[in-house]
Amino acid sequence: MGDARLSIDEILLKLKHVKTRGKGWIALCPAHEDTTPSLTIDIGDKGGILFKCFAHCTFQQIRDALGLSLADVMPPKDTPTPFPQPTKIYEYRDLDGKVRYEVVRYDAPKKKFLQRQPKPGGGYLWHLKGVRKLPYRLPELKGHLTIYIVEGEKDADTLWRLGLPATTNSGGGGKQKWTAAETEMIVALGVIRVIIIPDNDETGRLHADDVAAQMKASGIAWTILKLPDLKLHGDVSDWIAAGHTRLDLDTLLASTPYIVTGAKDDAPAPLPDPHGAGQWELTEMGAAQALTDRL
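Being a predicted model, the structure only gives us computed values, none of them experimental. (Residues numbered from 1 in each chain as written. Predicted model: local features only at pLDDT ≥ 70, side-chain atom pairs only at ≥ 80, totals over all residues. Heavy atoms only, no water.)

Undergrad: Run through the nonpolar core, naming residues and quoting values.
TA: Counting 43 residues, the largest nonpolar core has Tyr 148, Leu 159, Val 194, Ile 197 and Leu 249 as the members making the most contacts within it. The dominant element in this core, judged by the number of residues it contributes, is helix H7 (residues 202–218), at four residues. Listed in part, the 18 residues of the second largest apolar core include Ile 11, Leu 39, Ile 62 and Leu 68. (Core = buried A, V, L, I, M, F, W, Y, C linked by side-chain atoms within 4.5 Å. Buried < 20%, exposed > 50% of the residue type's maximum accessible area, 1.4 Å probe, protein only. Helix = DSSP H or I, 4+ residues; strand = E, 2+ residues; numbered from the N terminus.)

Rendered as C-alpha cells:
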C-alpha cells in the first residue's frame, strides 16, 4: 500500500458485514473462514488501528489478509497526543519574543508533557530535533541579576506571581535536563546569582545538583534552597499553596548562604541583597542587610 496511511473508512470498506460496536466496529475476520462477525476494529488513543479476532487470528494475519502495510495501521506521524485538550501550553521564546518551541501539558486521562516546535507552513513537529534549548520565560529575565531556577514551568509561574524572576528547562527534572545551552543564555544575560529550589525527591536533588555544577563552572554564585515542611515529591507551588508566602521565602533565603564560585574551597558567603542591588525588605532585617552592605 506504500507509505500513505489509509483512513479508517478505507479500511472498513475492505471488510464484510461491518457494524458499529460501541466506539468501534465489528466485522467478519478476513484471516479465517468466518461466518459470525468475530473481528473488532477500534482506533487507539494515539490514532492507530486496532484489530482483535475472537478466533485468535494474529494482528499480522489480519493485516496481511487485508493487504495493509504497517504504515496503514500505525498512528499518524506528528499526532500530538491521546488527550483531547491540553491543560496548559508553556511557550519558550527567544530574546526577541519569538516562540521557538512549546511544552504542552495534559492532566487527563493521566499527567503527561509533550514538546513541540512550530512547523514551517503551519502546524507542529512533535519533537525538538534541531532546536536550541532556551530557559523558560527568557525575555522576562533580562535585567535581573538574581534569578530562581526550579523544576517545571508551573513552579516558575508561581514565583513570577510573587514578583520573583524564575525559569526552568523543558523536559522535567533529573540529571542533564538543564543543558549547557540554557546556562550559556543565563551567562549572556549577566546573571550573577542563581537560587535553585529543588522538588523534594531524588529527581529534584539530581536536577539541583546538576544546575549548581553548571553555575559553578560558569562563574555564577548559587544557592540550593531546600524548603522545610515540604511533602515527598512536593514543589515550591505546593509549598506556597500550603500557606507560605514570599516573606517566608525571603526569610529562609536570608539565612541560607550562597556559594561564591572561584573562592577558596567554594566558600559560602552571606548575601545582603538576594533580589538585586539596593533592594532590601522594609523590615528590621532589611535595614540590617542594607547597613551590612555599606560596611
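Undergrad: Residues and numbers for the environment of Leu 70, please.
TA: Mapped onto the elements of the fold, Leu 70 is located in helix H3 (residues 70–73). Looking at Leu 70, the relative accessible area reads 47%, which means it is partly exposed. Residues Leu 70 and Gln 60, spaced ten residues apart in sequence, show a C-alpha to C-alpha distance of 9.2 Å.

Undergrad: Run through the sheet that holds strand E3 (residues 39–43), naming residues and quoting values.
TA: One open sheet accounts for four strands, arranged E1-E2-E3-E4; its pairing is antiparallel. Looking at the sheet topology across the chains shown, the edges are occupied by strand E1 (19–21) and strand E4 (49–53). Put simply, the sheet's adjacent strands are angled 30 degrees from each other on average, direction ignored. Looking at chain direction, E1 and strand E2 (residues 24–27) are connected through three bridges and run antiparallel. Looking across to E2, one finds that Thr 20 is bridged to Trp 25. Running over the sheet, helix H2 (residues 59–66) touches E3 and E4 and is turned about 110 degrees from E4. (Pairing = 2+ DSSP bridges. Axes fitted to C-alpha atoms, helices over the stretch in contact; angles between N-to-C directions. Contact = heavy atoms within 4.5 Å.)

Undergrad: I'd like a description of the pairing of E2, backed by residues and values.
TA: Judged by which residues are buried, E2 turns out to be covered on both faces: Gly 24 and Ile 26 on one side and Trp 25 and Ala 27 on the other are all buried. As consecutive antiparallel partners, E1 and E2 are separated by two residues, and within that stretch Gly 22 has a phi angle of approximately 65 degrees, a positive value.

Undergrad: Lay out the packing of helix H6 (residues 180–188) against H7 with the relevant residues and their values.
TA: Where H6 meets H7, the closest approach of the two axes is 10 Å, and the angle between their N-to-C directions is 50 degrees. Relative to H7, the element H6 lies oblique. In the packing of H6 onto H7, the handedness of the crossing is right-handed. Where H6 abuts H7, its residues Ala 180, Thr 183 and Val 187 lie against Gln 214, Met 215 and Ser 218. Partitioning the contact of H6 with H7 into residue classes produces three nonpolar, three polar and no charged. (Parallel < 35°, antiparallel > 145°, perpendicular 65-115°, else oblique. Left-handed = near helix turned anticlockwise from the far one by under 90°. Nonpolar A, V, L, I, M, F, W, Y, C, P; charged D, E, K, R; others polar.)

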